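Examining the three-dimensional arrangement
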Amino acid sequence: MAGRFVTFEGGEGVGKSTQIRRLAERLRDLAHDVVLTREPGGSPRAERLRETLLSGGAKRFGTFAETTLIASARADHVDRVIRPALQRGAIVLCDRYVDSTRAYQGSLGGLDKASIRSLERVATAGAWPDLTVILDAPVERSLERVANRAQGAAGDRFESEGRDFHGRLRAAFVEIAREEPERCVLVDAEGPEPVVAGRVWDVVSRRLGLTETKSRAV
Ligand SMILES: Nc1ncnc2c1ncn2[C@@H]1O[C@H](COP(=O)(O)OP(=O)(O)O)[C@@H](O)[C@H]1O
Ligand SMILES: Cc1cn([C@H]2C[C@H](O)[C@@H](COP(=O)(O)OP(=O)(O)O)O2)c(=O)[nH]c1=O
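Residues numbered from 1 in each chain as written. Chains lettered and ligands numbered in written order. Predicted model: local features only at pLDDT ≥ 70, side-chain atom pairs only at ≥ 80, totals over all residues.

**Notes on the overall build of the chain**
Looking only at helices and strands, one finds 9 helices and 5 strands in the chain. Counting from the amino terminus, the chain carries its helices and strands in the arrangement β-α-β-α-α-β-α-α-β-α-α-β-α-α. For the chain, the C-alpha radius of gyration of 17 Å lies close to 17 Å, the compact-globule estimate for 218 residues. Across its three principal axes, the chain shows a C-alpha extent of roughly 55 × 35 × 30 Å. (Helix = DSSP H or I, 4+ residues; strand = E, 2+ residues; numbered from the N terminus. Rg over C-alpha atoms; globule rule 2.2 N^0.38 Å.)

**Looking at the packing of helix α4 (residues 98–108) against helix α5 (residues 113–124)**
Axis separation between α4 and α5 bottoms out at 11 Å; the angle between their running directions is 155°. With respect to α5, the element α4 is oriented roughly antiparallel. With respect to the hand of their crossing, α4 and α5 are arranged in right-handed fashion. Within the contact between the two elements, α4 uses Val98, Thr101, Arg102, Gln105 and Gly106 and α5 uses Lys113, Ile116, Glu120 and Thr124. (Axes fitted to C-alpha atoms, helices over the stretch in contact; angles between N-to-C directions. Parallel < 35°, antiparallel > 145°, perpendicular 65-115°, else oblique. Left-handed = near helix turned anticlockwise from the far one by under 90°. Contact = placed C-beta atoms within 7 Å.)

**Considering the sheet that holds strand β4 (residues 131–136)**
If you walk across this open sheet you meet the 5 strands as β2-β3-β1-β4-β5, and the pairing is parallel. The open sheet has two edge strands, β2 (34–38) and β5 (184–188), and neither has a second partner. Between one strand axis and the next, the sheet turns by 20° as a mean value, whatever way the strands run. Strand direction decides the pairing type here: β4 and β5, joined by 5 bridges, are parallel. In the strand pairing of β5, Val133 is matched with Val185. Those strands touched by helix α8 (residues 193–208) are β1 (4–9), β4 and β5, and its axis lies near 165° from that of β4. (Pairing = 2+ DSSP bridges.)

**Thoughts on the pairing of strand β3 (residues 91–95)**
Along a regular strand, successive side chains alternate from one face of the sheet to the other. A large share of β3 lies buried, amounting to 4 of its 5 residues. Where β1 and β3 come together, 5 bridges link them in parallel fashion. Opposite Arg4, over in β3, you have Ile91 as the bridge partner. Judged from the 5 bridges that link them, β2 and β3 form a sheet pairing that is parallel. Counted as the bridge partner of Leu36 is Leu93 from β3. (Buried ≥ 20, exposed ≤ 12 C-beta atoms within 10 Å, placed from the backbone.)

**Focus: the site of ligand 1**
In the vicinity of ligand 1 there are 14 residues, among which Gly15, Lys16, Ser17, Thr18 and Arg145 approach most closely. Of all the secondary structure elements, the ones that give two or more residues to the shell around ligand 1 are α1 (16–29), α6 (139–150) and α8. Looking at the shell around ligand 1 residue by residue, the classes come out as 3 nonpolar, 6 polar and 5 charged. (Near = placed C-beta within 6 Å. Nonpolar A, V, L, I, M, F, W, Y, C, P; charged D, E, K, R; others polar.)

**Some thoughts on the environment of Val146**
With respect to the helices and strands, Val146 occurs in helix α6. Given 17 C-beta atoms within a 10 Å radius, Val146 is considered partly exposed.

**Some points on the nonpolar core**
Core analysis: the largest hydrophobic core is formed by 48 residues, its most contacted members being Ile82, Val92, Leu93, Val133, Ile134 and Leu135. Considering each element in turn, this core owes the most residues, 9 residues, to helix α3 (residues 63–87). The contacts of Ile134, once residues within four sequence positions are left out, are Glu9, Gly10, Phe173, Ile176, Ala177, Cys184, Val185, Leu186 and Val187. (Core = buried A, V, L, I, M, F, W, Y, C linked by C-beta atoms within 7 Å.)

**Considering the UniProt feature "binding site: ATP" (unreviewed entry) in the chain**
UniProt annotation of "binding site: ATP" (unreviewed entry) refers to Gly10, Gly11, Glu12, Gly13, Val14, Gly15, Lys16 and Ser17 when read in the numbering used here. Residue placement: Gly11 occurs in the loop between β1 and α1. With residues near it in sequence (within four places) discarded, Gly11 still touches Ser142, His166, Leu169, Arg170 and Phe173. Its location among the elements puts Glu12 in the loop between β1 and α1. (UniProt positions renumbered as here; feature names shortened; annotations may be inferred.)

**A word on the packing of helix α2 (residues 44–54) against α3**
Each pair of packed helices can be summarised by the angle the axes make with each other and by the distance between the axes. Following both chains from N to C, one finds α2 and α3 inclined at 160°, their axes separated by 8 Å at the closest point. Regarding the angle of α2 to α3, the classification is roughly antiparallel. For the pair α2 and α3, the crossing hand works out as left-handed. Counted together, Arg45, Ala46, Leu49, Arg50, Thr52 and Leu53 of α2 and Glu66, Leu69, Ile70, Ser72, Ala73, Asp76 and His77 of α3 form the full contact between these two elements.

This is how it looks when you write it as structure tokens:
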């Protein structure tokens, strides 16, 4: 596949959506073909499954059922959005992907590694990230940001989990970064948005070999 595939991961409220949007803008300013997408969801069918997942509808049937639903949504997203974009040479930026399943359904949900990995293999069918940016911040910071974003509204099923859950989630992502250092980079998400964006840009441009001169070259 000719394009480049970058995923963003991390706990709730750490700033993934904010940073992925900023990165997409910066890349588009440099005339790159950018596809910005997310999981669960990203394709029309997968977005419908997202509603079931975030409402907790799938969880009632157990973690295995929930994970198979996530994998089904992912397979459609890969087939309809991610792979076609990579084949035409785009840079695909995806807000959450396989590492969220490893962290939420695996490390926290208790689904065994073998099941997680085999569902992951079937769903991704070779659409594997070139780079995964894992945003990392203390749990208090993420919770503050989620509270600001929610402005008192009840969070979705995942966001309403307790503080111990968020601590374990953070540890699970740190462990993923440690296990796969060739693919994953842990980025400090503390500090003002533009500062974090600068850190993200340094990692992405270096790892993907991008230069600021692309806009002049096209
Ligand atoms: N560096 C930052 N400093 C302060 N607030 C931030 C920062 N990055 C994001 N936010 C705010 O925190 C909230 C959660 O950010 P968001 O990007 O939605 O996180 P995520 O996608 O990881 O859940 C939003 O209201 C956003 O505007
Ligand atoms: C992709 C994926 C997401 N999720 C969860 C993590 C999030 O709580 C939720 C997506 O919600 P979303 O609002 O997109 O994320 P965030 O809270 O970081 O802004 O779905 C899983 O449990 N497993 C997965 O494989």
